[in-house]
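Breakdown of the fold
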Amino acid sequence: NRTEKSIATMKKVAETSEWNFQNKVNLLEAELSSVSKHIDNDEALEKYNKAIEAAKWSKFIHEEGLACELAGFHCNRVGDKTNALNFLSRAKECYNEWGSRMKVKFIDNEIQQINNTAS
């Protein structure tokens, strides 16, 4: 599978610079888990959390925001509105700290849509 080959390549690169690449490997694995039918939600969330923590450890606030955003979208897809809102709120904080008003506005809209469908 092409996706798995790409992840394997990224893992090799991460061995040479964990600080720079490990969060990206974790996020790719989380996204693959999110779209895989044979993987349960807990496993996907564990991988998203690893990606978030690795990005935080590397001090990549924008990539931490991206991992939180994608985790939020995953949770929303599986019907877990509470976690979706929590992850998206955390993404908004990251993007705000990073200084991206456009991403903050985008996340605000996503949060509003979830709140509208939850009520």
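The rules we used
- Residues numbered from 1 in each chain as written.
- Predicted model: local features only at pLDDT ≥ 70, side-chain atom pairs only at ≥ 80, totals over all residues.
- Heavy atoms only, no water.
- Helix = DSSP H or I, 4+ residues; strand = E, 2+ residues; numbered from the N terminus.
- Expected span 1.5 Å × (residues − 1).
- Buried < 20%, exposed > 50% of the residue type's maximum accessible area, 1.4 Å probe, protein only.
- pLDDT = per-residue confidence, 0-100.
- Salt bridge = Lys/Arg side-chain N within 4 Å of Asp/Glu carboxyl O.
- Axes fitted to C-alpha atoms, helices over the stretch in contact; angles between N-to-C directions.
- Parallel < 35°, antiparallel > 145°, perpendicular 65-115°, else oblique.
- Left-handed = near helix turned anticlockwise from the far one by under 90°.
- Contact = heavy atoms within 4.5 Å.
- Nonpolar A, V, L, I, M, F, W, Y, C, P; charged D, E, K, R; others polar.
- Phe/Tyr/Trp six-rings, centres within 6.5 Å; stacked < 30°, edge-to-face > 60°.
- Lys NZ or Arg CZ within 6 Å of the ring centre and 35° of its normal.

Between the first and last C-alpha of helix H5 (residues 81-98) there are 25 Å, a value that for 18 residues agrees with the 26 Å anticipated at 1.5 Å per step. One or two steps after H5, the chain reaches glycine 99, where phi turns positive at roughly 95°.

Residues other than glycine seldom take positive phi values, yet lysine 59 does so here, at roughly 65°. Turning to its location among the elements, lysine 59 is positioned in the loop between helix H3 (41-57) and helix H4 (61-77). Relative accessible area serves as the criterion here: at 72%, lysine 59 is assigned to the exposed category.

Attention now goes to the confidence of the model for the protein. Fine structural detail should not be taken from predicted coordinates in areas where pLDDT scores are low. When pLDDT is averaged along the protein, the result is 94; 98% of the residues meet or exceed 70. The spread of mean pLDDT over the elements of the protein runs between helix H1 (residues 2-16), the lowest at 93, and H5, the highest at 98.

Here we take up the pattern of salt bridges. Taken as a whole, this structure holds seven salt bridges when the rule is applied. When the shortest N-O distance is used, the salt bridge between glutamate 29 and lysine 11 registers 3.0 Å. One end of the pair, glutamate 29, is in helix H2 (residues 18-35); the other, lysine 11, is in helix H1, and 18 residues separate them in sequence. Classification of lysine 11 by relative accessible area gives partly exposed; the value is 40%. Measuring nitrogen to oxygen at the nearest pair gives 2.7 Å for the salt bridge that ties lysine 92 to aspartate 108. Here lysine 92, found in helix H5, pairs with aspartate 108, found in helix H6 (residues 101-118); they are 16 residues apart in sequence, far enough to count as distant. Given a relative accessible area of 29%, lysine 92 falls into the partly exposed group. Taken together, the salt bridges that share partners define one network made up of Glu53, Glu64 and Arg90.

The contact between H4 and H5 brings their axes to 7 Å, and the two run at 160°. Looking at the two axes, H4 sits roughly antiparallel to H5. When the axes of H4 and H5 are compared, the crossing they make is left-handed. Here Ile61, His62, Glu64, Gly65, Leu66, Cys68, Glu69, Ala71, Gly72, Phe73, Cys75 and Asn76 of H4 come into contact with H5, specifically with Lys81, Asn83, Ala84, Phe87, Leu88, Arg90, Ala91, Cys94, Tyr95, Glu97 and Trp98. Split into classes, the residues belonging to the contact of H4 with H5 amount to 13 nonpolar, five polar and five charged.

Inspection of the entire model under this criterion finds three aromatic pairs. Ring geometry for phenylalanine 73 versus phenylalanine 106: centroids 6.4 Å apart, planes at 85°, classification edge-to-face. Remark: phenylalanine 106 occurs in helix H6 and phenylalanine 73 occurs in helix H4; sequence separation between them is 33 residues. Owing to a relative accessible area of 21%, phenylalanine 73 belongs among the partly exposed residues under this scheme. Directly above the ring of phenylalanine 21 sits lysine 24, whose terminal nitrogen or CZ lies 5.8 Å from the centroid.

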